[in-house]
Amino acid sequence: MIKYDFSSQFRRITSLCLAYIILAAGCNKSDQTENSKFEQFVNNLPAKKFSLTQINNEEAGIPSVNRIVVTPDKKIVVADFSTWSIHLLDKNGELLDSKGGEGRGPYEFLGINGFKLYKSTNIIQVYDGKLSRVTFFEILGDSLKPLKMSSFKTYQDDYHLIDLYKFNKNFYGLFELNTNITDVSREQNLRLFSLDENFNITDLLISYAGDEEVKMDLGGNTFMVENPFGFNTWWEFQDSTFIISNSENLDFTFYNLNNNTKKVHSYNSVPALENQNQVALSFIKENYPEMISFNSNFEKNLLERKQLPYFINFGVNEDDIIVLLRNYDNVNKELLILSRKEKSIHKIEIPPDFFMHGVIGKVIYGVQQDEKNNIDYITMIEYGDQK
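Numbering of residues starts from 1 in every chain and runs along the sequence as written. Whole-chain, interface and lining totals are the exception, using all residues; otherwise, since this is a predicted model, local features are given only for residues with pLDDT of at least 70 and side-chain atom pairs are given and counted only at 80 or more. Remark: hydrogens and water are excluded; side-chain values derive from all non-hydrogen atoms of the structure.

S.K.: Sorry, what's going on with the overall build of the chain here?
M.R.: Numbering goes from the N terminus for both helices and strands, where a helix is a DSSP run of H or I of at least four residues and a strand is a run of E of at least two. For the chain, the count of helices and strands is five helices and 27 strands. Throughout this description, buried means an accessible area under 20% of the type-specific maximum (1.4 Å probe, protein chains only), exposed means over 50%, and partly exposed covers the range between. The buried share among the 387 residues of the chain stands at 57%. By definition in these notes, contact holds between two residues if any of their heavy atoms fall within 4.5 Å. Expressed as a percentage of contacts within the chain between residues at least 6 apart in sequence, the contacts between residues at least 24 apart total 51%. Carbon and sulfur atoms provide 45% of the accessible area of the chain, an area that totals close to 17,400 Å². Surface exposure here means Shrake-Rupley accessible area, sampled with a 1.4 Å probe, where a residue is shielded only by the protein chains that are shown.

Structure (structure tokens):
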């Protein structure tokens, strides 16, 4: 059996697109059977107060927003995959500066595989897998100042770099192992390593399960491809901590990069998200038939699976884990606010077209998609106490 190797960038972009599709499927659910235990649980959760602000970034000439990060003073940095550029906006959406562009020259990109903000220094990091290069910009006032570029050799065939992080002058790399070459199981195919000054792999820090896979028959061969409707793995780096979870459960592993210790925060009181009906499958077959025709095993898997993924992604702040549910709700979409200290769970009922990109403090940021006009509006949700 062979694993079909999608590029990391394709997989992440596909995941984002599928998230929008699943959100749309939830909005069109009208023939739902009686509420599942999961839905009853979420419906009965106490709600947090919140305010929502939508920013008209179209006026800045940026109708398509692929990734955003937000600074502590609420400036917004946008990764634009249509031009392979990054843009700096003020909190009202006014364009302040742009850098990058497609190319191999200094501070240009052929792809944006990783995009993150180091909030303590206001430094933006862009990882370009095609160029095997990481580029840094500093946010100085209203401008993006190019700081540094570092190139590294392509890694061996069985290790695929999917994320890069710098902490205390040291780099850490998250790799996916190519099971076409190795016999590593899905349960161990994501691995976080420390890297030396030349980006060479040194110490293995943690292993974790990757995205769920499904068989695909092509040309007389059986491949393994990632299941777009299966359990996905998401992760975040925050200061000295690497946080990772798989949507099969609500167990979040916090790995401390300072002392190489880990702690798991579990929320076992939340019922499983049962696959009670075929609403999502019907919607996808009607509106996106090419996804099913690409691999008939996708449809078979959706028909036969008993449990659906809990979440699309998550974010973390100083107190909480914020989870964007994949729950096919009738009208609303929910975020779960999981307190790490008190172990309490609250919800925020958000617009069904909202997709979360990250969290800073009590501000959850992302986009709302206007499908009619093909515009992604940057949206900020600031939450507070219980209603």
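Now, onward.
S.K.: What should I look at first to understand the environment of Gln40 in this one?
M.R.: Summarising the element assignment, Gln40 is placed in helix α2 (residues 37-43). A relative accessible area of 40% places Gln40 in the partly exposed class. C-alpha separation for the pair Gln40 and Pro271, spaced 231 residues apart in sequence, amounts to 9.4 Å.

S.K.: Please clarify how the sheet that holds strand β19 (residues 251-256) should be interpreted in this entry.
M.R.: Strands pair in a sheet through their backbones, by hydrogen bonds, and they do so in one of two ways: parallel or antiparallel. Taken together, the four strands give an open sheet; going across it, the order is β17-β18-β19-β20, and neighbouring strands pair in antiparallel fashion. Since the sheet does not close on itself, it has two edges, and those belong to β17 (233-238) and β20 (261-266), each with one partner. Strand-to-strand twist across the sheet, computed as the mean angle between neighbouring axes with direction ignored, equals 20°. The criterion for strand pairing is that DSSP finds at least two bridges linking the strands in question. Summarising the sheet, β19 and β20 pair through six bridges and their orientation is antiparallel. Bridge pairing in β20 places Asp251 opposite Ser266. A fitted line through C-alpha atoms represents every axis, and for helices the fit uses only the stretch in contact; the resulting angles, taken between N-to-C directions, go from 0 to 180 degrees.

S.K.: Would you explain the sheet that holds strand β9 (residues 133-140) in this entry?
M.R.: Strand order in the open sheet formed by four strands is β7-β8-β9-β10, and the pairing between neighbours is antiparallel. A single partner strand is all that each edge strand has here, and the edge strands are β7 (114-118) and β10 (143-151). Shown here is a sheet whose adjacent strand axes are inclined to one another by a mean of 20°, direction ignored.

S.K.: Is there a simple way to explain the pattern of salt bridges in this structure?
M.R.: Pairs can form between side chains of opposite charge whenever their charged atoms are close. We define a salt bridge as a side-chain nitrogen of Lys or Arg found within 4 Å of a carboxyl oxygen belonging to Asp or Glu. Enumeration over the complete set of coordinates arrives at nine salt bridges. With a shortest N-O distance of 3.3 Å, Asp320 and Lys362 are connected by a salt bridge. Of this pair, Asp320 sits in strand β22 (residues 320-325) while Lys362 sits in the loop between β25 (354-360) and β26 (363-370), and the two are 42 residues apart along the sequence. The class of Asp320 is buried, set by a relative accessible area of 6%. Across the pair Glu349 and Lys347 runs a salt bridge whose closest N-O atoms are separated by 3.3 Å. One continuous salt-bridge network, built from bridges that share partners, spans Asp319, Asp320 and Lys362.

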